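A look at the structure
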Amino acid sequence: ITLVPGLIADGFPRAYKDTSLIAMVGFWFVLTFWKDVGSTARNAAQALMGTLYAVGNSMIMNAVYPGGAKLAHINGYDSTIAWADLAVAVFLLMFLNVSDKFRTFGLFYIAMFMMHYMNPYSVARFSRNFQVDINGTGMSYLIVCASGCFLAIICTFLPYPRFLSTQCSREATDVAKAVCGLMAQVVELYAGTQSSSALHQKCQKAADRINEKIGMLEEKIGTMWWEGFDIGSQGQRRHLLQRFLALVKQLMDIIHGLEHAANVDDEAAGGVLKDLAGDIDELIRAQTSIMIGPGSLCEYVTEGDSADHSAHAKEVLRKSDELARDAKTISQDYTRLRIEGGHKTMSVLLLEEDFLIYNLSALAQVMREFAITLMQQDEIDYQAVAWARFLDTVDPFSQRGNVNFVFRGYMAYMLAFIAGVYIYGYDFTLAATIALILSRFTGSALERNLGRMQGVVLGLVLPAIAFYHIPTCSGGFGTALFICIIIIFEGTCLYIYYSASARFAFIGMLTAAFAAQAFFQPCDSRAPSASLAFTKVTMTVTAILLMATIDLSVTQERPSQAVHSYQKEAFTLLRRGLRRFYAGSDIGQNLLRDAQSAADKGIFMASQANNEPRFWRTAFPLRLVDRVFDEASDMCADLRILNRASHSYNGSHKGTHDLDKLLGPRKESELWQQCTDDLFRQFDRVISLLIKCVEHESSAPNEALLKYEHNLQANDRLEELVEHMSGYLEYDTEADVLDDDRTRVGVALFILNSIHNRLDYIVEAILRG
């Protein structure tokens, strides 16, 4: 398709007649096209922004010194000004933390345009004095870039449109079904019809898969904006999906609480809820019906362009009200049964069941809250949403390690440009290659750079081998053979790019992109030229080696070091959240989100650290690190439930933070202070042990770890605290469990005990190695 305009005599500008320019259309197509309309449109927009940035810089310099170095005798060209402009333009592009496509296209074309501008022997033609020359180098490549981007967008509609809105609606339904299925498994865990250990592991694995799907779906919903800019029904559907995803996240926290409470020995506990197992099962069935049954939330959310919104929303609200009433009935029956069983006050034996009944009521509450928000048709804040999308493209302060990335990338790019000027005679290949392979990838630098070398070298060498051994220029037969080679080769590489894991996909992308440029050559240029092929490969490999050397020598955080940083960050944030709770403040959703993000990133970096070349170092303790981050994620969920329990609702879906007022002077008791000191002493000890373990890069217990002495009195004190609270917290069968002081205090104590236990699990894992 990209070759067609070049076959038309004079109907197109130079961009469609120059074979080298036509080859770039296929090159940029590979870098822009993705599996759906939204992602491709985003890539295309960001690619055009980067190209416009480079073209704009070129027009400014050609206004200062028209024609550049080749007309120095006329315009008074000063190379110092050109170098200064290059340094500033590249630094801004790096520092502003622009998106990958923006940066890649911008740096690539800055290298090309500035190299021609500074070359006294260049024959390149540029626009001068801000007068647009359609056949100039800058405008020609802008047309090429726009053509590749446009072609990529067109291909997302073939053979049928692949809209993200359709995919997200389908995946949201799948996630909802998976959540409801997990809820049923948790009920089964409580009912005890299967081995609790096996079912518990099954529930954990299912929860991990759902959380992974939620993360991918959240990213896709954000990208949906590029398909319609939130205008009309598409915008309404996107915002409904965002709110639905927030609901699913809350449900996953509640499921975490239900699973935690259900995974206890009922005979060792009070055993009250066994009499209500049937009612609980019916409650979960009703919640499943609201989520995925006829007239469900999924239907409402995924059919955002449906005409009768209000009637559907009212029906969902009616069912949610019924669910809330059923949950309240169960909680009242539970309270009645526990009182009849002689448990009028708080009891250590019933903390787990108090926690379970609280989470069942919270389940009904969040469903009702969401149904209420559906009735409120809030207008979309287009300005805020557009600003959020802009920050996806340009945001200098959002990424961890941005300064380090800027320094590494800037140094590699400028050294490559200098070598291109003074060693290779004004050849921009080195700097352009750096622009293409520069990445924020934070995994194993050695593995990544070896992959880059494989992709680029294969993309340059294999087309040359094909031209050497296969008669691709022998008339019609050669043309047909040439087309078959392109289809097979590019198809295979793109299949790897779009289907393989992130560890290998970029190799397929680089091979396809560089081969696309190498394949699109006229027959007179396909004659084997060993020296030319060798020069190209040499310069490309030199650029990769330069990038790899800087990656490995500059103070870049290794994955194993990043694991240590994320561990410390996650547990420091969790400790801060607990401090806020004990100080009577709101824990804060932002703090918990940051802690969860640190845990998630740590899990990813652990897998990368496991692939690091260790040489003389011991093997990376992957199992230990995974266990630590799993416990950190569970603590995040615990604190989210604790934050909810810190608020009373009284019919309002916003809630009022008042648990600290309820605890009142009892927080000043010696027993409370001892429990507080126990928890934070244990927290600090665990953080210290983790740091020592990672610094020694071994999971085997060393002398410092063996000095750990578990404080057996901590849980005993917590039990004493429960008994202390029971003297003034008696249960009332008429109270709403979400606002009931006794249940909320019990939930708080259960969570604190749970965090004690999770810290113990981590220490035991360290000691066991």
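This one's a predicted model, so the numbers in the text were calculated from it and none came from an experiment.

Re the overall build of the protein chain
Each helix and strand in the protein chain was counted, giving 29 helices and two strands. The buried share of the protein chain, taken over its 769 residues, is 53%. Contacts in the protein chain between residues at least 24 apart in sequence constitute 81% of all its contacts with a sequence separation of at least 6. Surface summary for the protein chain: the accessible area is close to 33,800 Å², and the carbon and sulfur share equals 58%.

Quick notes on helix 23 (residues 589-609)
For helix 23, which comprises 21 residues, the first-to-last C-alpha distance of 30 Å matches the rise-based estimate of 30 Å (1.5 Å per residue) to within 8%. Along helix 23, the residues classified as buried are Leu 591, Leu 592, Ala 595, Gln 596, Ala 598, Ala 599, Gly 602, Met 605, Ala 606, Gln 608 and Ala 609.

Looking at a nonpolar patch on the surface
Residues Phe 150, Ile 154, Phe 157, Leu 158 and Phe 163 make up a contiguous nonpolar surface patch of about 460 Å² in total accessible area. Following the sequence through the fold, Leu 158 ends up in the loop between helix 6 (137-155) and helix 7 (164-191). What makes Leu 158 exposed here is its relative accessible area of 53%.

Examining the environment of Leu 415
If you trace the backbone, Leu 415 turns up in helix 16 (residues 402-422). The spatial distance from the C-alpha of Leu 415 to the C-alpha of Leu 430 is 9.1 Å, given a sequence separation of 15 residues. In contact with Leu 415, not counting residues within four places along its chain, are Leu 546 and Ile 550.

Some words on the packing of aromatic side chains
What the rule picks out here adds up to 26 aromatic pairs. Geometrically, the ring pair formed by Phe 33 and Tyr 498 is edge-to-face, given 5.7 Å between the ring centres and 75 degrees between the ring planes. On the criterion of sequence distance, the pair formed by Phe 33 in the loop between helix 1 (19-32) and helix 2 (37-64) and Tyr 498 in helix 19 (residues 475-499) is long-range, its members being 465 residues apart. As far as burial versus exposure is concerned, Phe 33 and Tyr 498 are alike and both buried.

Topic: the packing of helix 5 (residues 100-118) against helix 6
Between helix 5 and helix 6, the shortest axis-to-axis distance is 11 Å and the interhelical angle comes to 150 degrees. Taken together, the axes of helix 5 and helix 6 lie roughly antiparallel to each other. Our pair here, helix 5 against helix 6, has a crossing hand that is right-handed. Every residue of helix 6 that contacts helix 5 at Phe 105, Tyr 109, Met 112 and Phe 113 is listed here: Thr 137, Gly 138, Tyr 141 and Cys 145.

Considering the confidence of the model for the protein chain
For the protein chain, per-residue confidence averages 77 on the pLDDT scale, and 75% of positions sit at 70 or higher. Within the protein chain, the lowest mean pLDDT, 46, falls on helix 27 (residues 703-706), and the highest, 92, falls on helix 4 (residues 79-95). Below pLDDT 50 for its whole length, residues 6-16 participates in 23 contacts with residues either more than four positions away or in separate chains. The low-confidence segment residues 703-712 (pLDDT under 50) makes 20 contacts with residues lying over four places distant or belonging to another chain.

Description of the environment of Phe 604
Mapped onto the secondary structure, Phe 604 falls in helix 23. Between the C-alpha atoms of Phe 604 and Val 563, which are 41 residues apart in sequence, the distance is 8.8 Å.

What to know about the packing of helix 22 (residues 559-582) against helix 23
Direction vectors running N to C along helix 22 and helix 23 enclose 160 degrees, while the axes themselves pass 8 Å from each other. Relative to helix 23, helix 22 is oriented roughly antiparallel. Where helix 22 crosses over helix 23, the handedness of that crossing is left-handed. For the pair helix 22 and helix 23, the contacting residues are Pro 559, Ser 560, Ala 562, Val 563, Tyr 566, Glu 569, Ala 570, Leu 573, Leu 574, Arg 576, Gly 577 and Arg 580 in the first and Leu 591, Asp 594, Ala 595, Ala 598, Ala 599, Lys 601, Gly 602, Met 605, Ala 606, Gln 608 and Ala 609 in the second. Its residues assigned to classes, the contact of helix 22 with helix 23 shows 14 nonpolar, four polar and five charged.

Details of the pattern of salt bridges
Counted by the stated rule, this structure contains 16 salt bridges. As a salt-bridge pair, Arg 336 and Asp 333 come within 3.7 Å of each other at their nearest N and O atoms. One end of the pair, Arg 336, and the other, Asp 333, are both in helix 13 (residues 309-340), three residues apart, so they sit about a helical turn from each other. With a closest N to O distance of 3.3 Å, Arg 758 and Asp 634 form a salt bridge. With Arg 758 in helix 29 (residues 741-768) and Asp 634 in helix 24 (residues 622-645), this residue pair connects regions lying 124 residues apart in the sequence. Given the relative accessible area of 21%, Asp 634 is considered partly exposed.

A look at the state of the cysteines
All chains considered together, the criterion is met by zero disulfides. We note that Cys 180 lacks a disulfide partner, and the nearest cysteine sulfur, in Cys 298, lies 7.5 Å from it.

Describing unusual backbone geometry
The omega torsion across Leu 158 and Pro 159 is -5 degrees, close enough to zero to call that bond cis. Among the secondary structure elements, Pro 159 is positioned in the loop between helix 6 and helix 7. Residue Phe 229 is not a glycine yet carries a positive backbone phi of 55 degrees. Since its relative accessible area comes to 43%, Phe 229 is described here as partly exposed.

Regarding helix 4
Along its 17 residues, helix 4 runs 24 Å from first to last C-alpha, staying within 8% of the 24 Å computed at 1.5 Å per residue. Among the residues of helix 4, the N-terminal cap falls to Asp 78, whose side-chain oxygen and the backbone nitrogen of Thr 80 are separated by 3.0 Å.

With respect to the nonpolar core
With 118 residues, the main nonpolar core has Phe 244, Leu 297 and Phe 571 as its most contacted residues. Per-element accounting of this core gives the leading share, 15 residues, to helix 14 (residues 351-375). Contacts of Phe 571, omitting those with residues within four sequence positions, involve Val 628, Ala 632, Met 635, Phe 683, Ile 687, Leu 690 and Ile 762. In terms of nonpolar packing, the next biggest core, distinct from the first, is built from 96 residues, Leu 31, Met 59, Ala 82 and Ala 416 among them.

Description of the environment of Ala 87
With respect to the helices and strands, Ala 87 occurs in helix 4. Taking the C-alpha atoms as reference, Ala 87 lies 10.0 Å from Tyr 413; in sequence the two are 326 residues apart.

Some remarks on the side chain of Gln 596
With respect to the helices, strands and loops of the structure, Gln 596 is situated in helix 23. Gln 596 sits in the buried class, given a relative accessible area of 16%. Those residues in contact with Gln 596 that lie beyond four places of it in its chain are Ser 633, Cys 636 and Arg 640.

Here is what the cut-offs are and how they apply
- Residues numbered from 1 in each chain as written.
- Predicted model: local features only at pLDDT ≥ 70, side-chain atom pairs only at ≥ 80, totals over all residues.
- Heavy atoms only, no water.
- Helix = DSSP H or I, 4+ residues; strand = E, 2+ residues; numbered from the N terminus.
- Buried < 20%, exposed > 50% of the residue type's maximum accessible area, 1.4 Å probe, protein only.
- Contact = heavy atoms within 4.5 Å.
- Areas by Shrake-Rupley, 256 points an atom, 1.4 Å probe, with all protein chains shown as cover.
- Expected span 1.5 Å × (residues − 1).
- Patch = residues over 30% accessible without salt bridge, like charges linked within 9 Å, V, L, I, M, F, W, Y side chains within 5 Å.
- Salt bridge = Lys/Arg side-chain N within 4 Å of Asp/Glu carboxyl O.
- Phe/Tyr/Trp six-rings, centres within 6.5 Å; stacked < 30°, edge-to-face > 60°.
- Axes fitted to C-alpha atoms, helices over the stretch in contact; angles between N-to-C directions.
- Parallel < 35°, antiparallel > 145°, perpendicular 65-115°, else oblique.
- Left-handed = near helix turned anticlockwise from the far one by under 90°.
- pLDDT = per-residue confidence, 0-100.
- Nonpolar A, V, L, I, M, F, W, Y, C, P; charged D, E, K, R; others polar.
- Disulfide = S-S within 2.5 Å.
- Polar contact = N/O pair within 3.5 Å; in protein donor to acceptor, adjacent residues only side chain to side chain.
- Core = buried A, V, L, I, M, F, W, Y, C linked by side-chain atoms within 4.5 Å.

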